[in-house]
Amino acid sequence: MKKVFLSLALVASVLTACKSEKKEKVEAKEEVKVEAVADLNNVDVSTSVITWKGTKPTGAHNGTIMLKEGSLNLEEGKLVGGSFTIDMSSMKNEDLDAEGGAKLVGHLSAPDFFDVATYSNSKFVITNVDEVEGKLAVTGNLTIKDVTKSITIPAMLMTEGNITTFKSEKFNVDRADFNVKYGSKKFFDNLKDKFIDDMIEFSFTVNTKA
């Protein structure tokens, strides 16, 4: 009996730890109206990258997406704005072999997911930057498909030599907020264990040109 209690206590502690590590989604609010952002075209798209991770009951997949163009607006070494165009056609998978990765990306690019043929670009436009305890809380309009929502993400700014890096922490976006429906329990019933989690984990690293 003592062993049973110990086993239950261990399971409870593991579940509690997992629950505490669970990342909450960023809140998607109504789009913030902003004036046109200065187009500085000072982002090095060859070294800037977005990482993504999606999960389902049987596992997870992860990969990258590249930027098409971008501007990082700085004043006296501080971030005051920016705009980044995300090239959805550059999406890649990193955890499967070539054949499996191509199949997955093809699925993610299809009309019932990101519909890349129709919506080839996504976009993030910074609307506000606050600094709290040495970290940045960056608010911006995120556009995926034909939906634009305002989100706030944790990030940091670093400068080394002539290059400034704008780097986010990992954050979770609810794809259902952006009308990405495939395998979502918010849109379909009776999926059982065939559903795909609505939360997609993102992070990004944006570098300026040297």
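Just so it is clear, the model here is predicted, and its values are computed rather than measured.

Chemist: What is the right way to look at the environment of Asp112 in this model?
Modeler: Along the chain, the position of Asp112 falls in the loop between helix 2 (98-109) and strand 5 (121-132). The partly exposed category is assigned to Asp112, whose relative accessible area is 37%. Ignoring any residue separated from it by four or fewer positions in sequence, one finds Asp112 in contact with His107, Lys181 and Tyr182.

Chemist: Is there a simple way to think about helix 2 in this case?
Modeler: In an α-helix, one turn spans 3.6 residues; hence positions three or four apart end up facing the same way. Given a rise of 1.5 Å per residue, twelve residues ought to cover 16 Å, and the 16 Å separating the end C-alpha atoms of helix 2 matches this to within 8%. Regarding helix 2, the residues found buried are Gly101, Leu104, Val105 and Leu108. What you see down the axis of helix 2 is that its buried residues fit within an arc of 95°, all on one side. Across helix 2 from its buried face, at more than 90 degrees, point the exposed residues Glu99, Ala102 and Lys103. Lining the buried residues of helix 2 we find strand 2 (49-56), strand 3 (59-75) and strand 4 (78-93).

Chemist: What's the story with the pattern of salt bridges in this structure? I'm lost.
Modeler: Any two side chains of opposite charge can pair, so long as their charged atoms come close to each other. In total, this model carries six salt bridges according to the counting rule given. Residue Lys25 pairs with Asp174 through a salt bridge whose shortest N-O separation is 3.4 Å. Of this pair, Lys25 sits in the loop between helix 1 (2-21) and strand 1 (29-30) while Asp174 sits in strand 9 (residues 171-174); the two residues are 149 residues apart in sequence, bridging distant segments of the chain. Residue class for Lys25 comes out partly exposed when judged on its relative accessible area of 36%. Residue Arg175 is joined to Asp198 by a salt bridge in which the shortest nitrogen-to-oxygen separation is 3.7 Å.

Chemist: Could you clarify how one ought to interpret empty space enclosed by the protein in this entry?
Modeler: Summary: where empty space remains is shown by rolling a probe the size of a single water molecule over the atoms. Here the structure, examined in full by the defined rule, presents one cavity of 30 Å³ or more. Empty space within the largest cavity amounts to approximately 30 Å³. Lining the largest cavity are Phe114, Ile144, Val173, Arg175, Phe178, Val180, Ile200 and Phe202.

Chemist: What is the right way to look at the pairing of strand 2 in this model?
Modeler: Along any regular strand, the residues point their side chains to alternate faces of the sheet. Pairing between strand 2 and strand 3: eight bridges, direction antiparallel. When the bridges of strand 3 are listed, Thr51 appears paired with Thr64. Here strand 2 hands over to strand 3 after two residues, the two strands then running antiparallel side by side. Two strands pair when backbone bridges link them, and strand 2 and strand 10 (residues 199-207) are joined in this way by six bridges, in the antiparallel orientation. Across the sheet, Gly54 pairs through a bridge with Ile200, a residue of strand 10.

Chemist: Got a minute to help me understand unusual backbone geometry in this structure?
Modeler: With glycine set apart, most residues show a phi of negative sign, and most peptide bonds adopt trans. Here Glu76, not a glycine, exhibits a phi torsion of approximately 55°, which is positive. Looking at where Glu76 falls in the secondary structure, it is placed in the loop between strand 3 and strand 4. Assessed through its relative accessible area of 84%, Glu76 is described here as exposed. Although it is not a glycine, Asp115 sits at a positive phi angle of roughly 50°. Within the secondary structure, Asp115 sits in the loop between helix 2 and strand 5.

Chemist: Looking at this structure, how should I read the nonpolar core?
Modeler: For soluble globular proteins, the rule of thumb is that nonpolar side chains tend to be buried together. Counting residues in hydrophobic clusters, the biggest one holds 38 residues, and the most contacted among them are Phe84, Phe114, Val138 and Phe166. Considering every element that reaches this core, the biggest residue donor is strand 4, with five residues. With sequence-adjacent residues up to four places away left out, Phe166 is seen in contact with Leu72, Leu79, Phe84, Ile126, Val138, Ala155, Met156, Leu157, Phe204, Thr205 and Val206.

Rules behind the numbers
Residues numbered from 1 in each chain as written. Predicted model: local features only at pLDDT ≥ 70, side-chain atom pairs only at ≥ 80, totals over all residues. Heavy atoms only, no water. Helix = DSSP H or I, 4+ residues; strand = E, 2+ residues; numbered from the N terminus. Buried < 20%, exposed > 50% of the residue type's maximum accessible area, 1.4 Å probe, protein only. Contact = heavy atoms within 4.5 Å. Expected span 1.5 Å × (residues − 1). Arc of directions from axis to C-beta. Salt bridge = Lys/Arg side-chain N within 4 Å of Asp/Glu carboxyl O. 1 Å grid on protein atoms, 1.4 Å probe; cavity = no way out; pocket = protein on both sides within 12 Å on 5 of 7 lines; lining within 4 Å. Points joined across faces, edges and corners; volume = space filled by probe spheres on them. Pairing = 2+ DSSP bridges. Core = buried A, V, L, I, M, F, W, Y, C linked by side-chain atoms within 4.5 Å.

None of the figures reported here should be taken as evidence of function without further support.
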